[in-house]
Amino acid sequence: MSKHDLSMLSNHTYNDICVMIIEQRFPLPPWDMENAAQKLQIIEDEWNTLDPEKVITGYLPDAEVRYGTEFLTGREEIKQFLNNKWQQQVSFKLKLDRWGALKGRMAVRFECEWHNTAGQWYRSYGVQVFQFDDNGYVQMNFASFNDEPIAESARKLA
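Note that the structure is a prediction, hence the values are computed from the model and not measured. (Residues numbered from 1 in each chain as written. Predicted model: local features only at pLDDT ≥ 70, side-chain atom pairs only at ≥ 80, totals over all residues. Heavy atoms only, no water.)

Draft legend 1. Inspection of the environment of Glu-148 at higher detail. Looking at where Glu-148 falls in the secondary structure, it is placed in strand E6 (residues 138-150). Assessed through its relative accessible area of 36%, Glu-148 is described here as partly exposed. Residue contacts for Glu-148: discarding those within four places in its chain leaves Trp-121, Tyr-122, Arg-123 and Tyr-125. (Helix = DSSP H or I, 4+ residues; strand = E, 2+ residues; numbered from the N terminus. Buried < 20%, exposed > 50% of the residue type's maximum accessible area, 1.4 Å probe, protein only. Contact = heavy atoms within 4.5 Å.)

Draft legend 2. Looking closely at the pairing of E6. As paired elements, strand E1 (residues 59-67) and E6 share 5 bridges and run parallel to each other. For Val-65, the partnering residue across the bridge sits in E6 and is Asn-141. As paired elements, strand E5 (residues 121-132) and E6 share 12 bridges and run antiparallel to each other. Its bridge partner lying in E6, Val-127 is registered against Ser-144. As consecutive antiparallel partners, E5 and E6 are separated by 5 residues, and within that stretch Gly-136 has a phi angle of approximately 90°, a positive value. (Pairing = 2+ DSSP bridges.)

Draft legend 3. Structural context of the side chain of Asn-135. With respect to the element layout, Asn-135 can be found in the loop between E5 and E6. For Asn-135, a relative accessible area of 17% gives the class buried. Engagement of the side chain of Asn-135 in a polar contact is seen with the side chain of Gln-24, the distance being 3.2 Å. Here Asn-135 is in contact with Ile-22, Glu-23, Gln-24, Arg-25 and Leu-28, once residues within four sequence places are set aside. (Polar contact = N/O pair within 3.5 Å; in protein donor to acceptor, adjacent residues only side chain to side chain.)

Draft legend 4. Inspection of the packing of aromatic side chains at higher detail. A complete count under the given rule lists 10 aromatic pairs for this structure. Ring geometry for Trp-47 against Tyr-67: centres 6.2 Å apart, planes inclined by 25°, an arrangement best described as stacked. Note that Trp-47 is positioned in helix H2 (residues 33-48) and Tyr-67 in strand E1, a separation of 20 residues in sequence. Accessibility classification places Trp-47 together with Tyr-67 in one group, the buried group. Three or more aromatic residues link up through ring pairs in this structure, and these residues are Trp-47, Tyr-67, Phe-81, Trp-86, Phe-92, Phe-110 and Phe-145. (Phe/Tyr/Trp six-rings, centres within 6.5 Å; stacked < 30°, edge-to-face > 60°.)

Rendered as structure tokens:
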């Protein structure tokens, strides 16, 4: 709609009308197994960039995240958390596996491998649930996991 079209609405001027454009992040809920798998691949790819700026674009500005014992609200907290995480968890690599999807929610099994700054490798296993809004953004993401020390030769996600 143009500025001229807006000014014609109900005797309001353009400045009286708030226009909000909401970008959608495809695929969108409700999920079937195919588009749920596509959405998870996008999330996995974003996380594997190790770029917090890229990751947070998929989250609502006020998203709620629980990652283990960390409780985060909003993109800035998530970004800071990821910056810290990837300074400590070097060579981080994530693999997501869809367990189920219904409406705007998904249940996921995940594993990741990384090493600390001393060079000890770990594999983390866990489950997480996602809730997405109607535009495909993460509203909530809750993850529970454990970390297992492994030998570098035992890596599977290299």
